[in-house]
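# Coordinates in review
Letter by letter, the chains look like this.
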Amino acid sequence: MMNIGRVTVLVGILMILHAGFGSAQHRAHLRVSEQPYEGLPVDILTQCVLGFVIACIGITKVAGDFKDISATNDMNRKTMDSITNVPAFYHFAHRGRAIHSVIY
């Protein structure tokens, strides 16, 4: 069985598609009746915006639990040595040997 979040996303997408078909039908009607295009009717715009909002609500329900935005929870579990230890910065082919042989 589909959960409520997926049903909400489906309803929102269907509303947006219906608004798109309605706008295409409105434009075709204006062309046939030779009336100037002055924008979309309010009901089509309302349906599109409402479908978008419903789809966004459904997506947040499907996405699951959000993680905290602050990094303090993750950083409290790590030591300072593991935070500053970055193996990508290890570089062993440096001029230390040449300088060491000159100095000593």
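Everything that follows concerns the structure shown earlier in this document.
Here is what the cut-offs are and how they apply
Residues numbered from 1 in each chain as written. Predicted model: local features only at pLDDT ≥ 70, side-chain atom pairs only at ≥ 80, totals over all residues. Heavy atoms only, no water. Helix = DSSP H or I, 4+ residues; strand = E, 2+ residues; numbered from the N terminus. Phe/Tyr/Trp six-rings, centres within 6.5 Å; stacked < 30°, edge-to-face > 60°. Lys NZ or Arg CZ within 6 Å of the ring centre and 35° of its normal. Patch = residues over 30% accessible without salt bridge, like charges linked within 9 Å, V, L, I, M, F, W, Y side chains within 5 Å. Areas by Shrake-Rupley, 256 points an atom, 1.4 Å probe, with all protein chains shown as cover. Salt bridge = Lys/Arg side-chain N within 4 Å of Asp/Glu carboxyl O. Buried < 20%, exposed > 50% of the residue type's maximum accessible area, 1.4 Å probe, protein only.

What follows is about unusual backbone geometry. With a phi close to 55°, Glu 34 is a non-glycine residue in the positive phi region. By secondary structure assignment, the location of Glu 34 is in the loop between helix 1 (4-32) and helix 2 (42-63).

What follows is about the packing of aromatic side chains. Taken as a whole, this structure holds zero aromatic pairs when the rule is applied. Above the plane of the ring of Tyr 37 lies Arg 27, whose end atom (NZ or CZ) is 4.1 Å from the centre.

A word on a nonpolar patch on the surface. The grouping of Leu 10, Ile 13, Leu 14, Leu 17 and Phe 21 at the surface amounts to a nonpolar patch, some 510 Å² of accessible area in total. Position of Phe 21 among the secondary structure elements: in helix 1. In this structure Phe 21 comes out as exposed when scored by relative accessible area, which is 60%.

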